[in-house]
Amino acid sequence: QENNLTAVTEFFLLGFQSSQCLRIFLFCLFLVVYCGTICGNLLIITLVSTSKDLHTPMYFFISQLSISDILMITNIVPNLFHMLLNNGGTITFIGCMTQLYFLCAPVVFECLLLTVMSYDRYVAICNPLRYTSIMTSGHCVILSIICWLFGFSIVLTYVIKIAKLIFCGPVIIDHLFCDIVPLLELSCSDTFIVHLEISIISIPVVFIPTTVIVVSYTCIVSAVLRIPSSIGRYKAFSTCSSHLIVVSIFYWTLCCVYVVPTKGLTLTISKILSLLYTVLTPLVNPIIYSLRNKDIRKAIQKKLHK
């Protein structure tokens, strides 16, 4: 077994095994998506840091979300370009573990940050008089740092566990990137402990945040419905709608990939589903926040006039 362990120094990622024409089309499509995602998220980060009107907790959290989205898509897409041009590609063992780490850590961070953002909206609507004293800039920075540290430290524990597994036989991964499920399927050592760890980690990472978001929005909806004027109700709910759409897309795509049983799905469909949260979500987030948000549109107009 020691020989098998030292033998695996790299994996071969198959990517999309298709005709050259389709792969070139996909390359161009992902290039446009990647450039759009980077530009959109950088625009939000720049606007939030330079526009005084956007120096509020909500926009600070949106800029943190943009940093995470840039990190996630940059971890996946450049290697995907290489695979599309070469009809697959090798990745070193360390490179594979690094990719897995920088894939999972931003996902965990976003789960936690979206929870913090739902709490921010809850305080703004259900406790508006105390909002400025509760959501101070110091508190927002601390909450953001906790999300980053927790996301990157909790993922490190099980990536180390996966790296210590023994891999033998064909080291071909029929996927677009190094993900948990295909790696565990390749391992010839007992993966029960790793599966157990992932299940335990999912409690603070998925179930608690989901519960907090649901409870927050239940309180928000009941508070909004108590507002007498329809204009007041619309204004209150419009501040939450962007966040609610982003939360829905993020959790829906994660559930499609990791919660819904994939036994009956073809490998191509599971690859497309995995692209939803690694490539589509980082592109959609800045579009939702910029198109549905008057403050960001105003900030863009001010910058253009200058």
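Residues numbered from 1 in each chain as written. Predicted model: local features only at pLDDT ≥ 70, side-chain atom pairs only at ≥ 80, totals over all residues. Heavy atoms only, no water.

Explain the side chain of Ser 242 to me, please; I cannot follow it from the model alone.
Mapping Ser 242 onto the fold places it in helix H9 (residues 230-259). Taking relative accessible area as the criterion, Ser 242 reaches 5% and is therefore assigned buried. With residues up to four places along the chain from it excluded, the contact list for Ser 242 reads Ile 288, Tyr 289 and Arg 292. (Helix = DSSP H or I, 4+ residues; strand = E, 2+ residues; numbered from the N terminus. Buried < 20%, exposed > 50% of the residue type's maximum accessible area, 1.4 Å probe, protein only. Contact = heavy atoms within 4.5 Å.)

Whenever I open this one, helix H6 (residues 137-163) confuses me. Can you help?
A turn of α-helix holds 3.6 residues, and therefore any two residues three or four places apart point the same way. Here H6 is 27 residues long and its end C-alpha atoms lie 39 Å apart, about the 39 Å a rise of 1.5 Å per residue gives. For H6, the set of buried residues is Cys 140, Ser 144, Cys 147, Trp 148, Gly 151, Phe 152, Ile 154, Val 155, Tyr 158, Val 159 and Ile 162. The secondary structure elements touched by the buried residues of H6 are helix H3 (57-86), helix H4 (93-126), helix H7 (180-186) and helix H8 (192-225). (Expected span 1.5 Å × (residues − 1).)

Explain the nonpolar core to me, please; I cannot follow it from the model alone.
A general feature of soluble globular proteins is that nonpolar side chains tend to end up buried together. Grouped together as the largest cluster of nonpolar side chains are 97 residues, with contacts concentrated most on Phe 11, Phe 30, Val 155, Ile 162, Phe 167 and Leu 183. The leading source of residues in this core is H4, at 19 residues. Setting aside its immediate chain neighbours within four residues, Val 155 contacts Tyr 101, Cys 104, Ala 105 and Val 108. (Core = buried A, V, L, I, M, F, W, Y, C linked by side-chain atoms within 4.5 Å.)

Explanation requested: the sheet that holds strand E1 (residues 10-13) in the structure shown.
Strand pairing in a sheet relies on backbone hydrogen bonds, with the paired strands running either antiparallel or parallel. As summarised here, the arrangement of the three strands in space is E2-E1-E3, forming an open sheet in which the pairing is mixed. Sheet topology places strand E2 (89-92) and strand E3 (172-173) at the edges, where each strand pairs with a single neighbour. As defined by bridge partners, E1 adjoins E3 across two bridges and the pair is classed as parallel. Counted as the bridge partner of Phe 12 is Ile 172 from E3. Strand contacts of H4: E1, E2 and E3, with the helix running at about 85° to E2, the strand carrying the most contacts. (Pairing = 2+ DSSP bridges. Axes fitted to C-alpha atoms, helices over the stretch in contact; angles between N-to-C directions.)

Got a minute to help me understand the confidence of the model for the chain in this structure?
Regions with low pLDDT carry predicted coordinates that are not meant to be interpreted in detail. Taken as a whole, the chain shows an average pLDDT of 88; of its residues, 95% reach a score of 70 or greater. Mean pLDDT across the elements of the chain ranges from a minimum in helix H1 (residues 2-7), with 48, to a maximum in H3, with 95. (pLDDT = per-residue confidence, 0-100.)

What exactly am I supposed to notice about the pairing of E2 here?
The side chains of a regular strand alternate, first on one face of the sheet and then on the other. In E2, alternate side chains face the same way, and those of Gly 89 and Ile 91 are buried while those of Thr 90 and Thr 92 on the opposite face are not. In the sheet, E1 pairs with E2 via four bridges, with the strands oriented antiparallel. Considered in E2, the bridge of Phe 11 is made with Ile 91.

Sorry if this is basic, but what is going on with the packing of aromatic side chains here?
Within a pair of aromatic rings, the relevant descriptors are the distance that separates the centres and the angle that separates the planes. Within this structure, the stated rule accounts for 13 aromatic pairs. With a centroid separation of 5.7 Å and 35° between ring planes, the pair formed by Trp 148 and Phe 152 is classed as tilted. Of this pair, Trp 148 and Phe 152 are both found in helix H6, four residues apart, which corresponds to roughly one turn of the helix. Here Trp 148 matches Phe 152 in class, with each residue buried. (Phe/Tyr/Trp six-rings, centres within 6.5 Å; stacked < 30°, edge-to-face > 60°.)

What exactly am I supposed to notice about a nonpolar patch on the surface here?
A cluster of nonpolar residues, Phe 192, Ile 193, Leu 196 and Ile 200, forms a patch on the protein surface that exposes about 390 Å² of accessible area. Along the chain, the position of Phe 192 falls in helix H8. Using a relative accessible area of 52% as the deciding quantity, one classes Phe 192 as exposed. (Patch = residues over 30% accessible without salt bridge, like charges linked within 9 Å, V, L, I, M, F, W, Y side chains within 5 Å. Areas by Shrake-Rupley, 256 points an atom, 1.4 Å probe, with all protein chains shown as cover. Salt bridge = Lys/Arg side-chain N within 4 Å of Asp/Glu carboxyl O.)

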